[in-house]
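Analysis of the macromolecular model
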Amino acid sequence: MNLQLEISLRVRRAIAAAFPSAADAAPLVVQAQNAQFGDYQSNAAMGLGKRLGQKPREVAQKIIDQLDLGDLLAKPEIAGPGFINLRLRPEFLAQALAAVATDDRLGVPLAADPRTVVVDFGGPNTCKPMHVGHLRSPIIGDAICRLLRFLGHKVVGDNHLGDWGTQFGLLIAGFRRFGPEVPESADPLERLVAIYKLATALADQDESFRAEARAELAKLQAGDPANLAQWRQFSAWSLSHFNEMYARLGVHFDETLGESSYNSMLAGVVEDLKSRGLARPSEGAICVFWDDEKLPPLLIQKSDGAFLYATTDLATLKYRCDRWHPSEIVIVTDARQQLHFNQIFDAARRWGIAEDVVLRHVFFGTILGPDGRPLKTRSGDLVALKDVLDEAENRALAVVRDKSPDLSSEEMAAIARVVGIGAIKYADLSQNHQSDFVFNWDKMLALQGNTAPYLQYAYARIRSILRKGNEPGLAASAAPLLLTEPAEAALALKLLRLPEAIDAATDDFRLNLLSNYLFELSAVFTTFYESCPVLKSDPAVRAVRLRLCDLTARVLKQGLDLLGIDVVERM
RNA sequence: GCGCCCGUAGCUCAAUUGGAUAGAGUAUUGGGCUUCGAACCCAAGGGUUGCAGGUUCGAGUCCUGCCGGGCGCACCA
């Protein structure tokens, strides 16, 4: 149960009963910022007082008079200008906790209205190794998919590969010219990149080679079998690299429909938009116009007849609507594409292909180095993704060696993978995705403070306790859990707020709200851990505390899993 | 020139979308392991929320104008 929602409903009913003319007023129930004000508070009375011309504190009293406290709430208090302070009854806490402890979903309800959501994330360009700029989309997109799935929605995660474009003429011509002289290696993609560099260098100074590349591009676009086969080979090499990276990141896609998948639709898209009067010729090209100049023109066909990525994106939206009939399409890309997707979404709505479909652009900021500039190597290239992941794991491994020298080297390596990758993901997901992400190796992998390792460490410590205190039927009993210590009550309340954290994180895909919750849960737990001995306490108390430990571990594990972060039993 | 985003503690970020005394981490300082894992905990200091107005019971949040930064804006994706 989402407590905030439940209390909101009750306050809403109380307002309707007390003030029928203002039954639509928002209950404005939020978690109390300060424990001295209780567990929740309603801020409705102030605005209502103004609206009704009554004193806010009297309005608050009338709401309270109508409020169904049930077994949920203790007697409310009015404070300040008209805040209604609400406190959960200890008996309710004990009973609710016992109920959650026997629930596989840890109290998180399934969505009442399961929807189909297409999530577009990933999207690296083929024929190039992934780099640090490809990190955020899969991390954020995969977490969004996991959240939606957990809530019972049908999710289609799609990797919209950049697998089509003018560079393929140069790649095919270059591969024929330089292939024989560049030795085969274990990594065919690496070899392809080397060849591409030679080809671009030659094209810079050789007009006939440029013409050759243009001819190969034209043949490819016309469906020449040999060039198509070559192109497929390039894609296969690229995908094998991508899949390796996604596997290390623990990221999953349901579909991999690259830009090339939509080629056959493009001419039809332009024709359709023209016939509906949305697009028209301009300076030899075809553009979608906004006659009210709300948005700048959107070019969908070049004067040479070629289509652009706006055309592909419109075709992609149409395909997704036709195939999956989603209620929502979410596209996860960097923030620079905001204008582009404003145009695409608005054009799609006017086009009429996405009626009743919520179109959302979830955008993220640039990854910057500690100097505030994009992360680059000494030679000026963006840092390879593989190197980022290696570095994270190596640094984590050094810490594991230092802290837990008794573990086997296999265990150390496995832990380093989980901790290193988790550190990167958590660093990203624990802040607002819209802002730039300052990528500081030392801070992220310092493995202390508000980081994945802190949460993973809390989990490992709990598991250690549970191993030692292993008792049969730990989670089986639904008996209320009597909480006497403040630290126990604080932990219990935090545990009951998982549904609120998940709902908040899902509403606007603000994953940092779930991260923050998990960090706060860990902090509340470690405070409990310091002040409340578990294994050494009296049997009755011990049983309650073991259940608190067990539940905390399960919530941490589940919450981190929703963020795509693993846990380990020892670290 | 037009548009979007941003400016919060030394640094990196929050602030439940208009609520009470702006909070965390980090760094600094002091304290805590013969007791369930110290990758931890407890405490302290650190703020004119870029500046100036405005809206109202109440503004980091909303409106206006400046200052500073980032990113976009027709034949790349």
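Residues numbered from 1 in each chain as written. Chains lettered and ligands numbered in written order. Predicted model: local features only at pLDDT ≥ 70, side-chain atom pairs only at ≥ 80, totals over all residues. Heavy atoms only, no water.

1. Some remarks on the domain arrangement of chain A
Keep this limit in mind: Domain start and stop points were drawn from an automatic or database domain assignment.
Along its sequence, chain A is carved into domain 1 (3–88) and domain 2 (167–243). Domain 1 and domain 2 are separated by 67 Å when their C-alpha centres are compared.

2. What to know about the packing of helix α17 (residues 486–495) against helix α19 (residues 511–531)
Convention followed: Throughout, an axis means a line fitted to C-alpha atoms (over the contacting stretch in the case of helices), and angles, computed between N-to-C directions, take values from 0 to 180 degrees. The helix count covers DSSP runs of H or I at least four residues long, the strand count covers runs of E at least two residues long, and both are numbered beginning at the N terminus. Any angle that is under 35 degrees is reported as roughly parallel, and any over 145 degrees as roughly antiparallel; angles of 65 to 115 degrees are reported as roughly perpendicular and all others as oblique. Crossing handedness follows the turn of the near helix against the far one: under a right angle anticlockwise gives a left-handed crossing, and clockwise gives a right-handed one. Note on definitions: a residue-residue contact is assigned when non-hydrogen atoms from the two residues lie within 4.5 Å. Side-chain classes are defined by residue name, with Ala, Val, Leu, Ile, Met, Phe, Trp, Tyr, Cys and Pro counting as nonpolar, Asp, Glu, Lys and Arg as charged, and the others, Gly among them, as polar.
The interhelical angle for the contact between α17 and α19, taken along N-to-C directions, is 160°, at an axis separation of 9 Å. By the angle between their axes, α17 is roughly antiparallel relative to α19. The chirality of how α17 crosses α19 is left-handed. Residues A487, E488, A490, L491, K494 and L495 of α17 touch α19, and the partners they reach there are Y517, E520, L521, V524, F525, F528 and S531. The residue inventory of the contact of α17 with α19, partitioned by class, reads nine nonpolar, one polar and three charged.

3. Here's the deal with the pairing of strand β7 (residues 279–282)
So the rule is basically this: Pairing between strands requires that DSSP locate at least two bridges from one strand to the other.
In terms of strand pairing, β7 meets strand β8 (residues 285–288) through four bridges, oriented antiparallel. The partner of A279 across the bridge, within β8, is V288.

4. Regarding the pattern of salt bridges
In plain terms, the rule: We count a salt bridge whenever a side-chain nitrogen from Lys or Arg sits within 4 Å of a carboxyl oxygen from Asp or Glu. Buried, partly exposed and exposed residues are distinguished by accessible area as a fraction of the type maximum, computed with a 1.4 Å probe on protein chains only: under 20%, between the cut-offs, and over 50%, respectively.
Applying the stated criterion across every chain yields a total of 38 salt bridges. Note that R136 and D428 form a salt bridge whose closest N and O atoms lie 2.9 Å from each other. A residue pair is termed long-range when its members are at least 10 positions apart, and R136 in helix α5 (residues 136–150) and D428 in helix α14 (residues 409–429) qualify at 292 residues. Assessed through its relative accessible area of 0%, R136 is described here as buried. A salt bridge links E520 to K494; the nearest nitrogen and oxygen atoms lie 2.7 Å apart. Residue E520 is located in helix α19, and its partner K494 is located in helix α17; the two are separated by 26 residues in the primary sequence. With relative accessibility at 38%, the residue E520 sits in the partly exposed group.

5. Describing the packing of aromatic side chains
Heads up, the condition is: Centres within 6.5 Å make a pair out of two Phe, Tyr or Trp rings, where for Trp the six-membered ring is used; the pair is then stacked when the planes are under 30 degrees apart, edge-to-face when over 60, and tilted otherwise.
The full count for this structure, using the stated rule, is 13 aromatic pairs. Between F437 and F439, the ring centres sit 5.7 Å apart and the planes meet at 70°, which makes this aromatic pair edge-to-face. We note that F437, like F439, is buried. Centroid distance Y454 to F519: 5.3 Å. Interplanar angle 50°. Geometry classified as tilted. A residue pair is termed long-range when its members are at least 10 positions apart, and Y454 in helix α16 (residues 452–468) and F519 in helix α19 qualify at 65 residues. With a relative accessible area of 21%, Y454 lands in the partly exposed category.

6. Thoughts on the protein's contact with RNA strand B
Under the convention used in this document: Near, as used in this document, describes a residue that has one of its heavy atoms within 4 Å of the molecule or strand being considered. For the purposes of these results, a polar contact is taken to be a pair of N or O atoms within 3.5 Å, where, inside protein, one atom must be able to donate a hydrogen and its partner to accept one; residues adjacent in sequence count only when each atom of the pair is a side-chain atom.
Residues in contact with RNA strand B amount to 66 residues; listed here are only the nearest, K302, R461, K468, R510 and Y529. Within 4 Å of the protein, the contacting atoms of RNA strand B are 54% sugar and phosphate, with bases supplying the remainder. Measuring from a base nitrogen of RNA strand B, one finds a side-chain N or O atom of Q41 at 3.0 Å. Between RNA strand B and the protein, one listed contact pairs a base nitrogen with a backbone N or O atom of Y529 at 2.3 Å. Every element with two or more residues in the surface near RNA strand B is listed here: β1 (29–31), α2 (44–52), β4 (83–86), β8, α12 (338–351), α13 (385–403), α16 and α19. When its residues are assigned to classes, the surface near RNA strand B shows 28 nonpolar, 22 polar and 16 charged.

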